[in-house]
Amino acid sequence: MIPSMSAQPLIADRAEFIDALSLLRRGHVLVRAARGSGPCLLDGGIVYHSYPTLLQYGLIDEFHNPRGFENARYYRISERGREFADRACQAWQQRPLLQRMAVRLTG
């Protein structure tokens, strides 16, 4: 069961979360070591905090990658995630530049 989107999740780094959504909606794939609890990779960058929230709220779906590494798990944006990302990225762009910069500095 997927929790309601109206629940207020703890997002440790809001700028990283928006960046991850933006990359995922452009078709990039999130990669996670299958046995690791560390960060994930997305478009060559490290995602430190956003993976649990993306997964918990059904914003990403795991898929089988036959060309991938055996001990890695691969995720792409879900339909629910795409709809959410469209709204979230639009809201992010509507915020004043100084506010977006402050969020990037503070998480």
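Described in the following lines is the structure provided in the data block.

Parameters at a glance
- Residues numbered from 1 in each chain as written.
- Predicted model: local features only at pLDDT ≥ 70, side-chain atom pairs only at ≥ 80, totals over all residues.
- Heavy atoms only, no water.
- Salt bridge = Lys/Arg side-chain N within 4 Å of Asp/Glu carboxyl O.
- Helix = DSSP H or I, 4+ residues; strand = E, 2+ residues; numbered from the N terminus.
- Buried < 20%, exposed > 50% of the residue type's maximum accessible area, 1.4 Å probe, protein only.
- Core = buried A, V, L, I, M, F, W, Y, C linked by side-chain atoms within 4.5 Å.
- Contact = heavy atoms within 4.5 Å.
- Pairing = 2+ DSSP bridges.

This brings us to the pattern of salt bridges. For the structure shown, the criterion picks out three salt bridges. With a closest N to O distance of 2.9 Å, R104 and D19 form a salt bridge. Of this pair, R104 sits in helix α4 (residues 97–106) while D19 is found in helix α1 (residues 14–25), placing the two residues 85 residues apart along the sequence. Looking at R104, the relative accessible area reads 42%, which means it is partly exposed. The class for D19 is partly exposed, based on a relative accessible area of 31%. Here R73 ties to E62 by a salt bridge, and the two come within 2.8 Å at their closest N and O atoms. Of the two residues, R73 is situated in strand β5 (residues 72–77) and E62 in strand β4 (residues 60–63); the sequence distance between them amounts to 11 residues. Its relative accessible area of 42% is what places E62 among the partly exposed residues.

One finds L21, L24, L30, L42 and L54 to be the most contacted residues of the largest nonpolar core, which totals 23 residues. Counting only elements with at least two residues in this core, the list comes to α1, β2 (40–42), α2 (51–56), β5 and α3 (79–94). Dropping the residues within four chain positions of it, L42 is found in contact with A20, L23, L24, H28, V29, L30 and V47.

Attention shifts here to the pairing of β5. For strand β1 (residues 30–33) and β5, the ladder comprises four bridges, and the chain directions are antiparallel. From the neighbouring strand, A33 faces β5, where its bridge partner is A72. Sheet topology note: the β4/β5 ladder contains four bridges and is antiparallel. Within the sheet, the bridge partner assigned to I60 lies in β5 and is I77.

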